[in-house]
Amino acid sequence: MERPAPSEVYMSQTIQPVHANPRGELSAGQLLKWIDTAACLAAEKHAGISCVTASVDDIQFEETARVGQVITIKAKVTRAFSTSMEIIIKVIVQDMFTGIEKIVCVAFSTFVAKPVGKEKVHLKPVTLLSERDHVEHNLATERRKVRLQHEHNFNSLMKESSTFDDPDCDEEEGTVSPEGTSVQSVELVLPPHANHHGNTFGGQIMAWMETVATISASRLCGGRCLLKSVDMFKFRGPSTVGDRLVFNAIVNSTFQTCVEVGVRVEAFTCQEWSEGCGRHINSAFLIYNAVDDKEEPVTFPRIKPISKDDFRRYHGAIARRRIRLGRKYVISHKEEIPLFVHWDINNQVSLSNGNVEALRKLAAKSGWEVTSAVEKTKIYTLEEYNVLCVWVEKHVGKPAHLAYHLLSDFTKRPLWDPHYMSCKVIDSLDEDDQIYYITCPVVNGDKPKDFVVLVSRRKPLRDGDPYTVAMKSVLLPSVPPCPQYIRSEIICAGFLIHATDNNSCTISYYNQISSSILPYFAGNIGGWSKSIEESAASCIQFIENAIDDRFISLF
């Protein structure tokens, strides 16, 4: 194993039965303890003084670890600010028989340095040794901006989400009240629960929180709950040995195959305990999946909010989900293996039909959730097997055939879509298929991106069928990548246009988000940008300002 960097620590643990749940898997609570310990040691190694946990956020669980396996926890300071640091924690599991290693989870913690006496703290910069260090160092600033903007974005999304509700919630069968998922537990903080500062160990608090959250989710699923991710552990204040900690957990909302559980922790001294007046010291939001006895995903019943607090938590879960989805790029910055299809003129019919069929299958998926609704536009998202998809629905006061001709000619797209700098035809294959070269603007300080895409269009075969405009990236040897751009991929995207009547239509735009185009969507989904709504409004205006007779004569 390589030598740790100056602001990095490694922790290795063999998983014993005492660390495991009844299924022989490493318990999430035990893992959270180790994560917090390793992160604290990395922070103090860099700062040279005592540090305390401010928050732990965006923990994404990808694999389970079992008794007998070895896990290695790598905690490293990515960037130091004036008095706080961001630490990235990666947990890797190794099978001792095969030697195969897998990533269990990745997490981010923020630690604050504790001043000694009245001395002011000013942390030294992090030493950057590799290209990856530079990438994480730059992304740490973006992640910090997201954290600092979280409250403002959350409040804005709360106002927005409260303007629309699930219209089927009252009539839908199988909806449940959140009251039945409520869990309360109390713990007395003893000396073994304290850290080296004399306060309650943050990892122990997180473990207790995970326990009550799991019980809450289990009351709803009718199966085995699996912790998928943690939105945030927010440490609001300390507690000490002798405090009574009261944990309250309840399901806030469900989203098809996942559920969000909120946990609140209050601390009481002996006197506060008798007076019933505690201190709010921690909050967290944990997201669970569930599987049945055949290891198949369980679909959770819908939550039916009843009280004012139920509705507050319900809309809060919707807002947090948007922020959570939007943070995927700045948090993980995962790169995918490109899936470019090699273009072959001899296989044009198959590639074209596959392009159209993929779009129709994407549109037919169930589980779309409304995330935004404004005037003539609605935005839906679908998260399925860690793949994020977006659906933008627009109502336009022009005939469907006019919208189809305008939107299927991609050379006109830069006229209304600010995400397209240029779009030119490389090869006009026939009336239904064209290959385009597209360039897009810079985002997040990176180089601009370019695409080579096949656009396949179809008119309705029967009354009631939509007009279809499908697009996907293809690999064309005559247009190789160039150093000025980042060659990027569109996996599956396009428009389905349904006629409402002779003078209006509904346009649905779908996109299966790849890592290369996620930066263009992340801010909007997360609530700190309105780029999708603005593009949709521009599209509607572009179509509605078109003059039907004069335009159609061009075709």
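Refer to the structure printed above.
Small disclaimer: the values here were computed from a predicted structure and weren't measured.

Cut-offs and rules
Here, residues in each chain are numbered from 1, in the same order as that chain's written sequence. Given that the model is predicted, a residue must reach a pLDDT of at least 70 before its local features are reported, and side-chain atom pairs must reach 80 or more before they are shown or counted; all residues, however, enter totals for whole chains, interfaces and linings. To obtain the side-chain values, all non-hydrogen atoms of the structure were included, while hydrogens and water were left out. Two strands qualify as a pair provided that DSSP identifies no fewer than 2 bridges between them. Secondary structure elements follow DSSP: runs of H or I of four or more residues count as helices, runs of E of two or more count as strands, with numbering from the N terminus. Summary of the burial criterion: residues with accessible area below 20% of their type's maximum are buried, those above 50% are exposed, and those between are partly exposed, where the area comes from a 1.4 Å probe applied to protein chains only. All axes here are fitted lines through C-alpha atoms, helices being fitted over the stretch that makes contact, and every angle between N-to-C directions spans 0 to 180 degrees. For this classification, under 35 degrees means roughly parallel, over 145 means roughly antiparallel, 65 to 115 means roughly perpendicular, and everything else is oblique. Only heavy atoms enter the contact rule, under which two residues are in contact if any of them lie within 4.5 Å. Three categories are distinguished: nonpolar for Ala, Val, Leu, Ile, Met, Phe, Trp, Tyr, Cys and Pro, charged for Asp, Glu, Lys and Arg, and polar for the others, with Gly belonging to the last. When two rings of Phe, Tyr or Trp (its six-membered ring) have centres within 6.5 Å they constitute a pair, described as stacked for plane angles under 30 degrees, edge-to-face for angles over 60, and tilted for the intermediate range. We call a charge positioned over a ring when the NZ of a Lys or the CZ of an Arg lies within 6 Å of the ring centre and within 35 degrees of the ring normal. Salt bridges, as used here, are contacts in which a Lys or Arg side-chain nitrogen is within 4 Å of a carboxyl oxygen on Asp or Glu.

Student: Just checking my understanding: could you explain the pairing of strand 15 (residues 422-428) for this structure?
Tutor: One face of the sheet, then the other: side chains in a regular strand alternate in exactly this way. Pairing of strand 15 with strand 16 (residues 433-440), which is carried by 6 bridges, proceeds in the antiparallel orientation. Pairing of S422 across the sheet is with T439, part of strand 16. Hairpin connection of strand 15 to strand 16: 4 residues between the antiparallel strands.

Student: What exactly am I supposed to notice about unusual backbone geometry here?
Tutor: The phi angle of most residues is negative, glycine excepted, and most peptide bonds adopt the trans form. Positive phi values are uncommon outside glycine, yet Q256 reaches one of about 60°. Within the secondary structure layout, Q256 lies in the loop between strand 8 (244-255) and strand 9 (258-268). A relative accessible area of 32% means that Q256 is categorised as partly exposed.

Student: Would you mind showing me how to read the packing of helix 9 (residues 518-526) against helix 10 (residues 531-544) here?
Tutor: Think of two packed helices as two axes; the pair is described by the angle between the axes and how far apart they sit. Remark: helix 9 packs on helix 10, axes separated minimally by 7 Å, with the N-to-C direction vectors making an angle of 100°. Between helix 9 and helix 10, the crossing angle belongs to the class labelled roughly perpendicular. Facing helix 9, whose interface residues are Y520, F521 and N524, helix 10 presents S531, I532 and E533. In terms of residue class, the contact of helix 9 with helix 10 is made up of 3 nonpolar, 2 polar and 1 charged.

Student: What am I meant to see in the packing of aromatic side chains here?
Tutor: Any pair of aromatic rings gets described here by the distance separating the centres and the angle formed by the planes. On inspection of all chains with the given rule, the structure shows 9 aromatic pairs. Ring geometry for W208 and F247: centres 5.9 Å apart, planes at 70°, overall edge-to-face. Of the two residues, W208 is situated in helix 3 (residues 202-221) and F247 in strand 8; the sequence distance between them amounts to 39 residues. Seen from their ring centres, F410 and Y436 are 5.4 Å apart, and the 40° between their planes marks the pair as tilted. Linking F410 in the loop between helix 8 (400-408) and strand 15 with Y436 in strand 16, this pair joins segments that are 26 residues apart in sequence. A single burial state applies to F410 and to Y436, both of which are buried. K74 extends its terminal NZ or CZ atom over the ring of Y10, reaching a point 5.4 Å from the ring centre. The lysine or arginine in question, R144, covers the ring of F81, its NZ or CZ lying 4.2 Å from the ring centre.

Student: Help me understand the pattern of salt bridges in this model?
Tutor: Opposite charge on two side chains permits them to pair, given that their charged atoms come into close proximity. The full count for this structure, using the stated rule, is 24 salt bridges. We note a salt bridge from E25 to R66, for which the minimum N-O separation is 3.6 Å. Here E25, found in the loop between strand 1 (8-14) and helix 1 (28-47), pairs with R66, found in the loop between strand 2 (51-61) and strand 3 (70-80); they are 41 residues apart in sequence, far enough to count as distant. For E25, a relative accessible area of 11% gives the class buried. Linked by salt bridges that have partners in common, D57, E86, R132, E136, R143 and R147 make up one network.

Student: What is the right way to read the environment of Q348 from this model?
Tutor: Residue placement: Q348 occurs in helix 7 (residues 348-364). Separated by 85 residues in sequence, Q348 and D433 have C-alpha atoms that sit 8.6 Å apart.

Student: When you look at the environment of K114 in this model, what are you seeing that I'm missing?
Tutor: Following the sequence through the fold, K114 ends up in the loop between strand 5 (101-113) and helix 2 (131-161). A C-alpha to C-alpha distance of 59 Å links K114 and S478, two positions 364 residues apart in sequence. If we skip the residues at most four places from it in the chain, K114 touches I49, S50, C51, V52, V121 and H197.

Student: When you look at the environment of H315 in this model, what are you seeing that I'm missing?
Tutor: Relative to the elements of secondary structure, H315 occurs in helix 5 (residues 308-326). The buried category is assigned to H315, whose relative accessible area is 9%. Spatially, the C-alpha atoms of H315 and S253 are 8.3 Å apart, while their sequence positions differ by 62 residues.

Student: What is the right way to read the sheet that holds strand 6 (residues 183-188) from this model?
Tutor: Sheets are built from strands that pair by backbone hydrogen bonding, the pairs being arranged parallel or antiparallel. Strand order in the open sheet formed by 10 strands is 1-3-4-5-2-7-10-9-8-6, and the pairing between neighbours is antiparallel. Edge positions in the open sheet fall to strand 1 and strand 6, since each of these has one partner strand only. Pairs of neighbouring strands in the sheet enclose a mean axial angle of 25°, with direction left out of account. Note: strand 2 against strand 7 (residues 224-235), 5 bridges, orientation antiparallel. Counterpart to V56 in the pairing with strand 7 is F233. Here helix 1 sits on the sheet and contacts strand 1, strand 2, strand 3, strand 4 (84-94), strand 5 and strand 7; the angle it forms with strand 3, its principal contact strand, is near 40°.

Student: I would appreciate a short explanation of the side chain of H19 in the present structure.
Tutor: Tracing the sequence through the fold places H19 in the loop between strand 1 and helix 1. On the basis of relative accessible area, H19 is assigned to the buried category, the value being 14%.

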